[in-house]
Amino acid sequence: MRRRRKHILLLAAVLLAAFAGLVTAAGRDFSYGSGTGGFVKLDGEYVSTSFGFSIRYPLGWSVLANEEEVGNHVTFSSRPLDDSKMEQLISPDEAKIAIYVLPNQNSQNLDDWIHELDARDPYPPVIESLERRVIGGQEARVNIENILGTNSAVAYIPYRGKVYLIMGPPIESVYASLFLEMLGTFQFEVASADVNASSF
């Protein structure tokens, strides 16, 4: 009798987890931490004249840009960064947010492009959930991806033969909701930089 009860409880737990996964995948419960959202001002603006986008970020953060490197990336960090620290893991009380500009030469639809990108990765991420949202006026996708054991948010924004891939901090980071706020400020077609803007 006890063994049967254990089986029933185990089956109920599995079904509950599966149902929760379906709800999350549908985007109804795309929670990404409460963190510091609304408490840290996005009073800095980064402008890329090369790729025609802007994004706001906390003014006290470090900004490291390298247009010539593969992926044409820019990284925002809550702590000082240099090239030797770029790939280091960051603790949950800090954050690193990186933007990569990658080619979409055949103008594939976004889902196919992401699938091909993951297929080329020797350690492809596991997509835990996803949400479709408009970012910068474009139909985009934000995934919660398990990357080598850590769940992080990754935004994919298609635009004019490129995909703008924005990597967020781990979901347990105190800056998790701040990342979503930053995504809300991302814009294309930047005509000129503001006086207080960083640019590359």
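What you are looking at is a predicted structure, and each value in this text was computed from that prediction instead of being measured.

**Q** Help me understand the overall build of the chain in this model?
**A** Broken down by element type, the chain carries 3 helices and 11 strands. Ordered by position from the N terminus, the helices and strands of the chain form the series α-β-β-β-β-β-α-β-β-β-β-α-β-β. Pairs at least 24 residues apart make up 50% of the contacts formed inside the chain by residues separated by at least 6 positions. By element, 54% of the accessible surface of the chain is carried by carbon and sulfur atoms, the whole surface being about 11600 Å².

**Q** Honestly, the side chain of Ser77 in this entry has me stumped. Any pointers?
**A** Within the fold, Ser77 resides in strand β4 (residues 73-77). The exposure class assigned to Ser77 is buried, which follows from its relative accessible area of 0%.

**Q** How should I be thinking about the packing of aromatic side chains in this particular structure?
**A** Two descriptors summarise a pair of aromatic rings, namely the distance from one centre to the other and the angle between the planes of the rings. In this structure the tally under the stated criterion is 11 aromatic pairs. When the centroid spacing of 5.2 Å and the interplanar angle of 20° are considered together, the rings of Phe53 and Phe186 count as stacked. Of the two residues, Phe53 is situated in strand β2 (residues 53-57) and Phe186 in the loop between α3 (176-185) and β10 (187-188); the sequence distance between them amounts to 133 residues. With respect to burial, Phe53 and Phe186 carry one shared label: buried. Linked through ring pairs, Tyr46, Phe53, Tyr57, Phe76, Tyr159, Tyr164, Phe186 and Phe188 together constitute an aromatic cluster.

**Q** Sorry if this is basic, but what is going on with the layout of surface pockets here?
**A** Put simply, the second largest pocket is a space of about 390 Å³. In this structure, the second largest pocket is lined by 13 residues; those nearest its centre are Asp121, Tyr123, Pro125, Ile147 and Met167. Contributing elements (two or more residues each) for the lining of the second largest pocket: α2 (110-120), β7 (138-147), β8 (150-159) and β9 (162-170). Across the lining of the second largest pocket, the residue classes tally to 10 nonpolar, no polar and 3 charged.

**Q** How should I be thinking about α3 in this particular structure?
**A** Because the α-helix completes a turn every 3.6 residues, residues three or four places apart line up on one side. Counting buried positions over the 10 residues of α3 gives 7, a clear majority of the element. Of the positions making up α3, those classed as buried are Ala176, Ser177, Leu178, Phe179, Leu180, Met182 and Leu183.

**Q** Explain the nonpolar core here, please?
**A** Side chains of nonpolar character tend, in soluble globular proteins, to be buried together. Of all hydrophobic cores here, the largest spans 31 residues; its most connected members are Phe53, Phe76, Tyr164, Ile166 and Phe186. Per-element accounting of this core gives the leading share, 5 residues, to α3. With 8 residues, the next largest nonpolar core counts Leu102, Trp113, Tyr156 and Leu165 among its residues.

**Q** What's the story with the sheet that holds β9 in this structure? I'm lost.
**A** The strands making up a sheet associate through hydrogen bonds between their backbones, and the pairing can be parallel or antiparallel. Taking strand neighbours across the sheet as the criterion, the 7 strands line up as β3-β4-β5-β9-β8-β7-β6 in an open arrangement whose pairing is antiparallel. At either end of the open sheet lies a strand with only one pairing partner, and these are β3 (62-66) and β6 (126-135). Going across the sheet, the axis of each strand differs from the next one's by a mean of 20°, ignoring polarity. In terms of strand pairing, β6 meets β7 through 9 bridges, oriented antiparallel. From the neighbouring strand, Glu131 faces β7, where its bridge partner is Val142. Docked against the sheet, α2 engages β5 (96-103), β6, β7, β8 and β9, running at close to 30° with respect to β7.

Scoring rules and cut-offs
- Residues numbered from 1 in each chain as written.
- Predicted model: local features only at pLDDT ≥ 70, side-chain atom pairs only at ≥ 80, totals over all residues.
- Heavy atoms only, no water.
- Helix = DSSP H or I, 4+ residues; strand = E, 2+ residues; numbered from the N terminus.
- Contact = heavy atoms within 4.5 Å.
- Areas by Shrake-Rupley, 256 points an atom, 1.4 Å probe, with all protein chains shown as cover.
- Buried < 20%, exposed > 50% of the residue type's maximum accessible area, 1.4 Å probe, protein only.
- Phe/Tyr/Trp six-rings, centres within 6.5 Å; stacked < 30°, edge-to-face > 60°.
- 1 Å grid on protein atoms, 1.4 Å probe; cavity = no way out; pocket = protein on both sides within 12 Å on 5 of 7 lines; lining within 4 Å.
- Points joined across faces, edges and corners; volume = space filled by probe spheres on them.
- Nonpolar A, V, L, I, M, F, W, Y, C, P; charged D, E, K, R; others polar.
- Core = buried A, V, L, I, M, F, W, Y, C linked by side-chain atoms within 4.5 Å.
- Pairing = 2+ DSSP bridges.
- Axes fitted to C-alpha atoms, helices over the stretch in contact; angles between N-to-C directions.

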